[in-house]
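What the coordinates show
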Amino acid sequence: MREWMKVKSWTAGLQWLFFLFTNTVVIPITIGSAFQLEQGKIIALLQLSFLFTGMACIIQALFGHRRSIMEGQSGLWWGVILSMCYIAPAQGLPLSVLGGSISAGIIISGMITMLVGLSGLSKFIAKWFNAGVMAVFTFLLAIRLNTIFLKGMLGIPFSAEEAPAQIDIPIFLLSCMVVLLTIFLSVKGRKSISQYSLLIGIIAGWIAYEGIFKSVGEAVNMSGEPAVGMFLLGELSFDIGIIITAVVAGMLNLSNTFGALKGTDELYKSETTNWQYRRSFTISGAFTIISGLFGMVPYAPYVSSIGFLNQTRILERLPFILGGVMFIVMGVIPDIGNLMVKMPLSIGSAALLVAYMRLLQSALGYFAQIEMTEANLYRVAAPLFIGIIFMAFPAEYFVSVPASIRPLVSNGLLIGILLALVLENTHFGHSQGK
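Please read these numbers as outputs of a predicted model, since none were measured by experiment. (Residues numbered from 1 in each chain as written. Predicted model: local features only at pLDDT ≥ 70, side-chain atom pairs only at ≥ 80, totals over all residues. Heavy atoms only, no water.)

Tallying each qualifying case throughout the model produces 18 aromatic pairs. Both rings, one in Phe-21 and one in Phe-50, keep their centres 5.9 Å apart while their planes meet at 50°; by these two values the pair is tilted. Note that Phe-21 is positioned in helix H1 (residues 7–24) and Phe-50 in helix H3 (residues 39–63), a separation of 29 residues in sequence. Under the relative-accessibility criterion, Phe-21 is labelled buried at 1%. An angle of 65° between the planes, with centres 5.4 Å apart, marks the rings of Phe-258 and Phe-281 as edge-to-face. Pair noted here: Phe-258 is in helix H12 (residues 254–263) and Phe-281 is in helix H14 (residues 274–294), with a separation of 23 residues, a long-range link. Both residues of the pair, Phe-258 and Phe-281, belong to the buried class. Grouping aromatic residues by their ring pairs yields a cluster made of Trp-16, Phe-19, Phe-308 and Phe-320. (Phe/Tyr/Trp six-rings, centres within 6.5 Å; stacked < 30°, edge-to-face > 60°. Helix = DSSP H or I, 4+ residues; strand = E, 2+ residues; numbered from the N terminus. Buried < 20%, exposed > 50% of the residue type's maximum accessible area, 1.4 Å probe, protein only.)

Attention now goes to the side chain of Ser-49. Among the structural elements, Ser-49 can be located in helix H3. We classify Ser-49 as buried; its relative accessible area is 1%. Among the polar contacts made by the side chain of Ser-49, one reaches the side chain of Gln-73 at a distance of 3.2 Å. In this structure, Ser-49 is in contact with Thr-24, Pro-28, Gln-73, Met-296, Tyr-299 and Phe-327, ignoring residues within four places of it in sequence. (Polar contact = N/O pair within 3.5 Å; in protein donor to acceptor, adjacent residues only side chain to side chain. Contact = heavy atoms within 4.5 Å.)

Turning our eyes to something else, we now look at the environment of Ala-351. Here Ala-351 is to be found in helix H18 (residues 345–357). For Ala-351, a relative accessible area of 3% gives the class buried. As for Ala-351 and Phe-18, which are separated by 333 residues in sequence, their C-alpha atoms are 9.6 Å apart. Not counting the four nearest positions on each side in its chain, Ala-351 is found in contact with Leu-198 and Ile-202.

Counting residues in each nonpolar core, the largest one holds 119 residues, and the members touching the most others are Ile-31, Phe-35, Leu-98 and Phe-258. Apart from residues no more than four positions distant in its own chain, Phe-258 is found in contact with Ser-122, Ile-125, Ala-126, Phe-129, Met-134, Gly-263, Tyr-277 and Phe-281. (Core = buried A, V, L, I, M, F, W, Y, C linked by side-chain atoms within 4.5 Å.)

All right, on to the environment of Phe-184 then. You can see Phe-184 is positioned in helix H8 (residues 169–188). As a C-alpha pair, Phe-184 and Ser-194 span 10 residues in sequence and 8.7 Å in three-dimensional space.

In structure tokens form, the structure reads like this:
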């Protein structure tokens, strides 16, 4: 079999590389900034993220669920950790203690996730995530992530402490051109072109950015030596409130696996088996434990991969594996990583916005499975609207909430998913399908 030698396999692999990179690079940067880490530790987080994300993708594709679904640092976890960072000063909690307690919670969550996979409990947990829950989860996740990437397009710094935060109009206009170009190629281009619309949009936008602004001011600074060691966010510690929130987030993070695998069933023309769930959870749990040991954001299958696959229609595993291999090389060889991180974050954000818009298709698919009786309407609308509203609330609103549950209550995505699970799986009944 010579597929790996074909140019189209490597071209598709390069597109996967850009997708992996743009989804990953912002996460360790914002986490390092939020925890006020020294440059060496941020560089270490970046390199470790590249290395382990590439490894996780390849292992899942070969031995896990065996689909082209990005295994990366969870957006749900990312939002929870940043939320806890923002409220830590109000609680008088040192960031090192916060980081150490988050690491402890992540390790516990990873062990539980592995247990779910090894024991076969995923077969029973899958029943909780019916069409009503998945509709709410997918829609809220799309809003949460697209908010982040629209912020990147506007030229607003991802770091919370960079100020003043204001819209950069020239960068936003260029980002909009990248969005329009990518959508046009996807909708109007021939298959041979539309499959690579994201890659073309990123490369064209990057070239235009360098030509117009003649600056890499948005690029990540990877100069310097990476720090060596474990628990980069702080030595292991045990704040009960933080650990409880982390464990709850870990349990809700299971929804990513159900969302990604169920969402690709139609694309792969097969229903996800219990065997696939078990292996997927086991591998995700193992990489979550590794994340806790190094202070990284934990792993899960990316629901946004559905949008990428719908956009490109490249379902084969070989290009995905090649993209993972190239990502590992970026983590191992700093010079290659240094080249990639010069890509403007606004351009990557524009391309991801296009891919993540396709999540609406998945959400609408779940909504279509629900018979919209009056009762079902409220079961879906309540978590959906409450989650969106809580997302819009500033962190200051939650200072009066008890510290032990504040990180949980202040996260609109978690609130929406929890409320959907309760309404769909208790005596309130569940959303009946058509």
